[in-house]
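The lines below spell out each chain.
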Amino acid sequence: MVNLGRDIKLELDYDDGRILDVFIEDGDFALQECEDCLKQDLLNELWCQYYDWALAYTVGSRLPEFVNMPMAGIVVAGLYNAIREPLQREDRLIEGRYNIRLTEDGFICGVFPKSRIRPREISLVIRRMS
């Protein structure tokens with residue numbers, strides 16, 4: 001079993017990935033753990049472009065490169081790779097178990113955390129930015 005982490009619970013804009021606020025419970029920052037924490041971390045990683053987060057070149061994804069791109073063969077292959085890259089760096093996921101499905105609104109990515117004997121899929125939904 002792998003510890004999936006604990007972090008401050010963020011209020012996110014699920015249309016563009018902006019962090020709007022933090023949740024407060026009983027006068028203190030709300031925390032989230034396990035699969036909820038992993039999901040928040042992965043969504044932040046996918047929404048963030050390389051070098052946007054404290055100039056870190058190992059945090060982020062290439063997804064912003066695909067905004068307003070036509071969904072033609074080579075572009076779609078590049079998009080799949082851009083989605084897969086941050087997932088492959090994450091050691092809390094079962095390697096290679098990614099179900100990426102493009103939709104008209106963006107994509108849905110199913111991942112499997114290492115937190116259970118019988119893994120349960122977590123869905124990450126990213127809406128297409130315009």
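Just above sits the structure.
Notes on the structure follow. (Residues numbered from 1 in each chain as written. Predicted model: local features only at pLDDT ≥ 70, side-chain atom pairs only at ≥ 80, totals over all residues. Heavy atoms only, no water.)

## Brief notes about the pairing of strand S8 (residues 106-113)
In terms of residue burial, S8 counts as a mostly covered element, since 7 of its 8 residues are buried. The pairing of strand S7 (residues 93-103) with S8 spans 7 bridges and is classified as antiparallel. Residue Tyr98 lies in a different strand from S8, and its bridge partner there is Val111. Counted along the chain from S7 to the antiparallel partner S8, the turn is 2 residues long. Pairing of S8 with strand S9 (residues 122-127), which is carried by 6 bridges, proceeds in the antiparallel orientation. By the bridge assignment, Gly106 is partnered in S9 with Arg127. (Buried < 20%, exposed > 50% of the residue type's maximum accessible area, 1.4 Å probe, protein only. Helix = DSSP H or I, 4+ residues; strand = E, 2+ residues; numbered from the N terminus. Pairing = 2+ DSSP bridges.)

## Concerning the environment of Val125
By the element assignment, Val125 lies in strand S9. Along the sequence, Val125 and Glu33 sit 92 residues apart, while their C-alpha atoms lie 19 Å from each other. Those residues in contact with Val125, other than ones at most four positions away along the chain, are Leu43, Trp47, Phe107 and Ile108. (Contact = heavy atoms within 4.5 Å.)

## A word on helix H2 (residues 73-89)
For H2, built from 17 residues, the straight-helix expectation of 24 Å at 1.5 Å per residue is met to within 8% by its first-to-last C-alpha distance of 25 Å. Residues Val75, Val76, Gly78, Leu79, Ala82, Ile83, Pro86 and Leu87 constitute the buried set of H2. Residues of H2 that are buried make contact with helix H1 (34-47), S7, S8 and S9. (Expected span 1.5 Å × (residues − 1).)

## Quick word on the sheet that holds S7
In spatial order, the strands read S7-S8-S9; together these 3 strands make up an open sheet with antiparallel pairing. In this open sheet, the two strands that pair with only one neighbour each are S7 and S9. When the angles between neighbouring strand axes are averaged without regard to direction, this sheet yields 20°. Seen against the sheet, H2 touches S7, S8 and S9 and runs at an angle of roughly 145° to S7. (Axes fitted to C-alpha atoms, helices over the stretch in contact; angles between N-to-C directions.)

Function-wise, these values are silent; they only describe arrangement.
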